[in-house]
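The lines below spell out each chain.
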Protein chains: 2
Amino acid sequence: MEAGFEFISSGTITTPGGFTAGATHAGIKKEESLDLAILASEVPCVTAGVLTRNQIKGAPVVLCQQRLAGGKAAGVVVNSGCANTCTGEQGLADAREMAALAAETIGAPPEQVLVASTGVIGQMMPMERLRTGIKQISLSRDGGHEMARAIMTTDTVPKEAAVKVNGGGYTIGGVAKGAGMIHPDMATFLGFLATDARVDPGFLQSALKEAADVSFNMVSIDGDTSTNDTLLLLANGRAGNDVISSGTKQAEAFQQALDGLCIHLARAMARDGEGATKLFEVAVRGASDRAAARQMARTVVSSPLVKAATYGNDPNWGRILAAAGRSGAEVVESKVDLYLADICLLKAGRPQSFDHAEAVKHLNKTEVTFTLNLNLGDGSAVAWGCDLTENYAEINSHYTT
Amino acid sequence: MEAGFEFISSGTITTPGGFTAGATHAGIKKEESLDLAILASEVPCVTAGVLTRNQIKGAPVVLCQQRLAGGKAAGVVVNSGCANTCTGEQGLADAREMAALAAETIGAPPEQVLVASTGVIGQMMPMERLRTGIKQISLSRDGGHEMARAIMTTDTVPKEAAVKVNGGGYTIGGVAKGAGMIHPDMATFLGFLATDARVDPGFLQSALKEAADVSFNMVSIDGDTSTNDTLLLLANGRAGNDVISSGTKQAEAFQQALDGLCIHLARAMARDGEGATKLFEVAVRGASDRAAARQMARTVVSSPLVKAATYGNDPNWGRILAAAGRSGAEVVESKVDLYLADICLLKAGRPQSFDHAEAVKHLNKTEVTFTLNLNLGDGSAVAWGCDLTENYAEINSHYTT
């Protein structure tokens, strides 16, 4: 299954057949930018979702929970600027009305429309603006690009891509908005994926969960715990392929492509962390198991100390070890190897002499990778983040230099 | 046991009888400031310790673990500028030599001297400077003030205090250095406490653990997980009181005074967070149990979003609720009450109309308190932090205004 998929140039969520989208500036955000979008499928879709685990959930999340349990979806309406969270019964009614209004545009029953919102918590949705805005939206085949922009909050660039599975006859596309990373304000993660593949519902859900676990959930430490985090995958089956079910070669190819698309979007999110100058990758190998590797990779990549040292081009490996030690995952100091790109900084817990200039050169790149080998088992994981810059970093980044 | 203790003016760790201290600039730190200190008791002390739970431990922590298990201590040697962590066997040998050198000054066997270090990880202790430095230290009865300064890293003011137990005939004094809070660089927490009370060893250890749990462990989220965190309490018995044992009124008075002293030092740490303009207190009441209350109070007080809103004088209660919801502790949205000082922002999960100007006035104070009442049980806890300022806050603090 090597090279089982490839990225499609200028791909987005409406690249797969049978999907359209559109967006408008409804005035929910103060800025003069797109803040309301609709995704539509020409036929109802098998749908999967991964939603926040926060005990305080936005009204749109509650609605998605109900509707994902209920059956197929024909589209999604999403806004930025207002989270519709801590808004009680009225908030839930507003989310339902958003779905009903969008359903008219989509041409589907209201209960087949999912809702997602990101923005301020504790304010009611400005429904008048929303009602007017939804009517302004016209759907088109390349509307995915607009949708990608409409969900942005502190993001500086839209995140969108699509992949084509070789020999599969179908594509998967998606758009996402990132958590603030450094400043987890509006830290809601939103991700919407669409495919024209025919997929078994049970497999679609497990495939989405797995893809989220190796991508979005390895970027944003707060991302999986914000009140409104929402990841949806709609499969409309328009490609007419044989239904993809668990345990088959086709399932493997689908998973690989879905993982690849999600990792691409997740890396784009990490790279766009507020104030960030570089993408920062932490790989953990040889952990006692996968859960331990994931836990440690996430802890290290989100350590303000490590992030600041990365910004300061300071090969301060002690901070990485300290973060690894407090992650809760097993680590034995005398067994740890640590690499910056291919430069060995620590071997079996012993500091190695290394070419400092060469290390700084690697740290100066726009993508920096540290690899921890714990030499305890075969668990591995990769996490992504960004460096910490400006005032925050000023004090921290040159401590050892 | 009301008003069971009072603070002593200009109190410090050497306020209790029979303790001396001194410090010097040994050149371990680059700055021209004190970086090496010794605390000495004229007689060996019953000693308790609370040490880091990080799996990567500094050599001084390993030495303290061994010696606390072994018996009495007559003093402590402590330095800032080098953590002596990830330094292998040589690091442990260096820590032992530090103790032996200090033991000569103290006039005690080397194995009765404890060691603590804070600073850069992964660098060897500059032993030549240390050997020279230790000889320069002269101990005096008011040397606690020098010790308080010698352990500072990014701290802007020394933290020291002493309390007198009414009718107890003894005092307890202490010095501490804080974690960076916002910038957890050199985030090692060091706290040293001394008392001239006679205390049962088992009770002393449990009393110190309890005091740490309601004070230092409620300030610094990283504080209990840095590689070198060390809290020591030496009791030399010189006051000649009856031995204080668990379950007595005397034990209660001792605990109350020790808690008060530690909370005082912990609040001073929080107030001195890097860049902070105010002390920020989060009280959780009515949690299902104490552990849940502690977990939630710590999560909320360390939320960058909440901290930034506090700096921006923005009564953005949604952020507090979102942080509470992701803390892992049980919360039921429809039961939560939230107060800023005595202003009710949320009652049974419903936003209350409040005087915005009055709320901003409270947020403008140098001490800001939020109280969450979960109305689920009788667990309660208080945590302290500081606001997030400058560039870090710029983007976040005015989001809803």
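Residues numbered from 1 in each chain as written. Chains lettered and ligands numbered in written order. Predicted model: local features only at pLDDT ≥ 70, side-chain atom pairs only at ≥ 80, totals over all residues.

Enquirer: Give a description of the overall build of chain A that names residues and reports values.
Expert: Assigned secondary structure in chain A consists of 11 helices and 15 strands. Its C-alpha atoms give chain A a radius of gyration of 22 Å, within 12% of the compact-globule value 21 Å for 401 residues. For chain A, the proportion of its 401 residues judged to be buried stands at 63%. Across chain A, the fraction of contacts at a sequence separation of at least 24, relative to all contacts at a separation of at least 6, is 79%. (Helix = DSSP H or I, 4+ residues; strand = E, 2+ residues; numbered from the N terminus. Rg over C-alpha atoms; globule rule 2.2 N^0.38 Å. Buried ≥ 20, exposed ≤ 12 C-beta atoms within 10 Å, placed from the backbone. Contact = placed C-beta atoms within 7 Å.)

Enquirer: Got a sec to walk through helix α2 (residues 88-106) of chain A? Specific residues and values, please.
Expert: Residue and element names in this part refer to chain A. Helix length check: α2 (19 residues) gives 27 Å between terminal C-alpha atoms against 27 Å at 1.5 Å per residue, within 8%. Along α2, the residues classified as buried are Gly91, Asp94, Ala95, Met98, Ala99, Leu101, Ala102, Ala103, Thr105 and Ile106. Residues of α2 that are buried in the fold lie against β3 (36-51), α1 (59-70), β4 (73-82), β5 (113-120) and α3 (127-136). Just downstream of α2 lies Gly107, where phi reads positive at about 80 degrees. (Expected span 1.5 Å × (residues − 1).)

Enquirer: Tell me about the sheet that holds strand β13 (residues 350-351) of chain A, and please be specific about residues and values.
Expert: All names here are of chain A. The 6 strands lie next to each other as β13-β12-β11-β14-β10-β15, forming an open sheet whose pairing is mixed. Two strands bound the open sheet, and with one partner strand each, they are β13 and β15 (379-386). Bridging between strand β12 (residues 343-347) and β13 involves 2 bridges; their strand directions are antiparallel. From the neighbouring strand, Leu346 faces β13, where its bridge partner is Pro351. (Pairing = 2+ DSSP bridges.)

Enquirer: Summarise the domain arrangement of chain A; cite the residues concerned and give the values.
Expert: All names here are of chain A. Domain boundaries assigned for chain A yield domain 1 (5-271) and domain 2 (279-394). A straight line from the C-alpha centre of domain 1 to that of domain 2 covers 32 Å. Each side of the interface is counted separately: domain 1 has 9 residues, and domain 2 has 11 residues. Residue composition of the side of domain 1 that touches domain 2, by class: 7 nonpolar, no polar and 2 charged. (Domains from an automatic or database assignment. Nonpolar A, V, L, I, M, F, W, Y, C, P; charged D, E, K, R; others polar.)

Enquirer: Any details on the sheet that holds strand β13 (residues 350-351) of chain B? Residues and values, ideally.
Expert: Residue and element names in this part refer to chain B. Within the open sheet, the 6 strands sit side by side as β13-β12-β11-β14-β10-β15. Their pairing is mixed. At either end of the open sheet lies a strand with only one pairing partner, and these are β13 and β15 (379-386). Direction of pairing for strand β11 (residues 337-340) relative to strand β12 (residues 343-347): antiparallel, over a ladder of 3 bridges. In the strand pairing of β12, Leu340 is matched with Ile343. Contacts from helix α6 (residues 249-271) reach β10 (279-287) and β15, with the element oriented near 40 degrees to β15. (Axes fitted to C-alpha atoms, helices over the stretch in contact; angles between N-to-C directions.)

Enquirer: How would you summarise the pairing of β3 of chain A if you had to cite specific residues and measurements?
Expert: Residue and element names in this part refer to chain A. Most of β3 is tucked away, with 13 of its 16 residues classed as buried. Where strand β2 (residues 19-24) meets β3, 6 bridges bridge the pair, whose relative direction is antiparallel. Bridging from a neighbouring strand, Ala21 pairs with Leu39 of β3. In the sheet, β3 pairs with β4 via 6 bridges, with the strands oriented antiparallel. Bridge pairing links Ile38 to Val77 in β4. Pairing analysis gives 6 bridges linking β3 to strand β9 (residues 230-235), with the strands arranged antiparallel. Paired with Gly49 across the two strands is Leu232, which belongs to β9.

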